[in-house]
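# Per-entry structural report
The lines below spell out each chain.
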Amino acid sequence: LSWICVYRATGPTDGFLVRDWLQRCGLHPQLRGDLSGLRGEIPIRESWPSVWVAPGEEPAARAALRQLEGPRLVRTAWTCPRCGAEGEPDFDACWNCDAERPPEPG
Ligand SMILES: [Zn+2]
């Protein structure tokens, strides 16, 4: 059985917050990835942690994540309407051409 990634951090602290929340919900999440080193050698997004759970805990973990509903947690990656570059979830302008981020769908 392989573990399932239920959350990929969009910032340096999200992963810890999510892991702590899932633990408080009685689950046994694992935080993978860490912040030390490697910056500049790989895309920053890849150096942020992700949260994993055992397959049996996935439904409960996803339900718990929905309860979190922090504004940061609902932000997703986006695509720049002008140049097609993938925007960072936390940025409000395109890193490539400085176009403004389109509104969230819905
Ligand atoms: Zn752009």
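For the structure, see preceding data.
The notes below deal with the structure included here. (Residues numbered from 1 in each chain as written. Predicted model: local features only at pLDDT ≥ 70, side-chain atom pairs only at ≥ 80, totals over all residues. Heavy atoms only, no water.)

## Describing the coordination of the zinc ion
Note the cut-off: Listed donor atoms are N, O and S within 2.8 Å of the metal (Na, K and Ca: 3.2 Å). As water is not included, a site may look incomplete. Irregular is the label for any site that misses the other tests, which are tetrahedral for four donors with all angles between 85 and 135 degrees, and square planar for four donors or octahedral for six when opposite donors exceed 155 degrees and the remaining angles lie between 65 and 115.
At this site the zinc ion is bound by Cys-80 (SG), Cys-83 (SG), Cys-94 (SG) and Cys-97 (SG), with donor distances of 2.3 Å. What the 4 donor atoms of the zinc ion show is an angle range of 105 to 117 degrees at the metal, which sorts the shape as tetrahedral.

## What about unusual backbone geometry?
For clarity, the cut-off: Strands are runs of DSSP state E lasting at least two residues, helices are runs of H or I lasting at least four, and both sets are numbered from the N terminus onward. The rule is simple: take the accessible area with a 1.4 Å probe, protein chains only, and divide by the maximum for that residue type; under 20% is buried, over 50% is exposed, in between is partly exposed.
Phi is positive for Asp-98, close to 70 degrees, though the residue is something other than glycine. By secondary structure assignment, the location of Asp-98 is in the segment after strand 5 (86-87). Using a relative accessible area of 61% as the deciding quantity, one classes Asp-98 as exposed.

## Some details on the pairing of strand 3 (residues 50-53)
Strand residues, when the strand is regular, have side chains that alternate between the two faces of the sheet. Quick reminder of the rule: Here, a strand pair is defined by DSSP locating no fewer than two bridges between the strands.
Side chains Ser-50 and Trp-52 of strand 3 all project onto a buried face; the interleaved residues Val-51 and Val-53 project onto the opposite face, where all are buried too. In this sheet, strand 3 lies alongside strand 1 (residues 4-8) in antiparallel orientation, the contact comprising 4 bridges. Bridge pairing links Cys-5 to Trp-52 in strand 3. With 3 bridges connecting them, strand 2 (residues 30-32) and strand 3 associate as antiparallel partners. When the sheet's bridge partners are listed, Leu-31 is paired in strand 3 with Val-51.

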